[in-house]
Amino acid sequence: MSPDTAAPAGPPPTAEGARPTRAPVLLPLARVGAVVLKRAVLLAVLLALVFLTVELLPGDAATATSERGESGSDLQQRRELLGLDRPVLERFWDWMSGLPTGDLGTSARGEKVTDLLSTAFPNTLLLGGLALLLTAVLSLALGCWAALRPGGRVDRAVSGTATAVLALPEFVVAVALVLVLSLWTGWLPAVTLADADGTPADWTMLILPALALTVPQVGWNVRIVRAALADEARAPHVETAVLDGLPPHRVLTHHVLPGALPTVTAGLATSTGMLLGGAVVVETIFNYPGIGSVLASAVTDRDSPVIAGVTALAGAVITGVLLLADLVRDLTAGVRR
């Protein structure tokens, strides 16, 4: 071989004629980082709106938490102690600067916000997690049951009931459950009693609040599951499976349901925010020791750090669930390819 025809220096090409690249690994990581950054910015904007909204409410934290008989000078001293004499954006920046270290600030009554939420927020996560689990199981079961009989009586009954249930707000469902399962039958307790550590005294006290949160979300997610299964049933590989003579339940579980999982997961992830929002109302009705009572007291006290702390924790949970849904979608898409 002459020098003019010598092979170029460097590692030999791969079997495909191209050098290996790390792009397939780096691109998902970059995408996740971009999504996290975008949602972090949105959460920061939301927290700023929380501070500004509380500022627009009549009165302030010093007046709302004052004792009877306090003089004007006492109120002014309290305002200075709480930093209310400073601009709201300056107070918001001070609060945000402590957020990376886990410092959620101090409430208007002098308590650490992290201490206020250390028991209440896990209780709400327990209630919301149980409701989300029930929602996922019931929605998948009912949606798949209806999909096995498309256009039949079961399909029409499930779809019609889901539409009717979807229109019911949580507090209506909660009142109906208390009336039927507590006052009329006495099967379940109507209120939640807390132990010394702030957790529910008995597991049966979780049933009614969890059902009150679950029922409306089942109506929402059954419709999503049924629509996703119907769309996937028209895919060519599903039609091929049907022509091959596979049983309907096997076609559903092995060919239709895997392709519908990204849409189903996205619907359940969306329900996370609705469950946390509905928990505030449901916890108040059942006297459940969660963030509902803490948030209600904070709004009464015009307590911006507490309201923002609840918003930040809820936003972090919702962001995590949405990222998990994105991961399931990407993994499912990779398997299908």
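Residue positions are given per chain, counting from 1 as you read along its sequence in written order. Note on the predicted model: pLDDT of at least 70 is required for a residue's local features to be given, and 80 or more for side-chain atom pairs to be given and counted; whole-chain, interface and lining totals, by contrast, use all residues. Values reported for side chains reflect all heavy atoms of the structure, with hydrogen atoms and water molecules removed beforehand.

A. Seen up close, the side chain of Asp301. Only DSSP runs of H or I covering at least 4 residues are called helices, and only runs of E covering at least 2 are called strands; the numbering of each starts at the N terminus. If you trace the backbone, Asp301 turns up in the loop between α11 (291-300) and α12 (304-336). Since its relative accessible area comes to 8%, Asp301 is described here as buried. In contact with Asp301, not counting residues within four places along its chain, are Asp60, Ala61, Ala64, Thr65 and Arg109. Buried means the residue's accessible area, taken with a 1.4 Å probe over protein chains only, is under 20% of the maximum for its type, while exposed means over 50%, and partly exposed covers the values in between. Residues are treated as being in contact if the distance between any of their heavy atoms lies within 4.5 Å.

B. Spatial organisation of the packing of aromatic side chains. Stacked, tilted and edge-to-face are the three classes applied to pairs of Phe, Tyr and Trp rings, where Trp contributes its six-membered ring and a pair requires centres within 6.5 Å; stacked means planes under 30 degrees apart, edge-to-face means over 60, and tilted covers the rest. Inspection of every chain in the model, using the stated rule, returns 2 aromatic pairs. Measuring from centroid to centroid gives 5.3 Å for Phe51 and Phe92, while their planes differ by 65°, and the two rings are edge-to-face. With Phe51 in helix α1 (residues 23-56) and Phe92 in helix α4 (residues 88-98), this residue pair connects regions lying 41 residues apart in the sequence. Note on Phe51: relative accessible area 4%, which makes it buried. Accessibility expressed as a relative area gives 13% for Phe92, which makes it buried. Both rings, one in Phe51 and one in Trp95, keep their centres 5.8 Å apart while their planes meet at 55°; by these two values the pair is tilted. With Phe51 in helix α1 and Trp95 in helix α4, this pair connects stretches of sequence that are 44 residues apart. Residue classification places Trp95 among the buried residues on the basis of a relative accessible area of 6%. Site record: aromatic cluster; members linked through ring pairs are Phe51, Phe92 and Trp95.

C. Expanded view of the confidence of the model for the chain. The predictor attaches a confidence to each residue, called pLDDT, with possible values from 0 through 100. Across the chain, the average pLDDT comes to 84, with 89% of residues at 70 or higher. Averaged pLDDT values over the elements of the chain bottom out at 77 in α1 and peak at 93 in helix α5 (residues 113-147). The low-confidence segment residues 1-25 (pLDDT under 50) makes 9 contacts with residues lying over four places distant or belonging to another chain.

D. Representation of the packing of α5 against helix α10 (residues 248-286) in the model. Interaxial angle, 0 to 180 degrees, is taken between N-to-C directions of lines fitted to C-alpha atoms, where a helix line uses only the stretch in contact. At a minimum axis separation of 8 Å, α5 and α10 run at an interaxial angle of 145°. Relative to α10, the crossing made by α5 is right-handed. Contacts between α5 and α10 pair Thr124, Leu127, Gly128, Ala131, Leu132, Thr135, Ala136, Leu140, Cys144 and Ala147 from the former with Leu252, Leu257, Val264, Leu268, Thr272, Leu275, Leu276, Ala279 and Glu283 from the latter. A crossing counts as left-handed when the near helix is turned anticlockwise from the far one by less than a right angle, and as right-handed when that turn is clockwise.

E. Region of interest: the packing of helix α7 (residues 170-184) against helix α8 (residues 207-233). Here α7 crosses α8 at 130°, and the two axes come no closer than 9 Å. Considering the angle they form, α7 stands oblique to α8. Classified by chirality, the crossing of α8 by α7 is right-handed. Between α7 and α8, the contacting residues are Glu170, Val173, Ala174, Leu177, Leu181 and Ser182 on the first element and Leu208, Leu211, Ala212, Leu213, Val215, Pro216 and Gln217 on the second. Three categories are distinguished: nonpolar for Ala, Val, Leu, Ile, Met, Phe, Trp, Tyr, Cys and Pro, charged for Asp, Glu, Lys and Arg, and polar for the others, with Gly belonging to the last. The residue makeup of the contact of α7 with α8, split by class, is 10 nonpolar, 2 polar and 1 charged. Angles are sorted into four bins: roughly parallel if under 35 degrees, roughly antiparallel if over 145, roughly perpendicular if 65 to 115, and oblique for all others.

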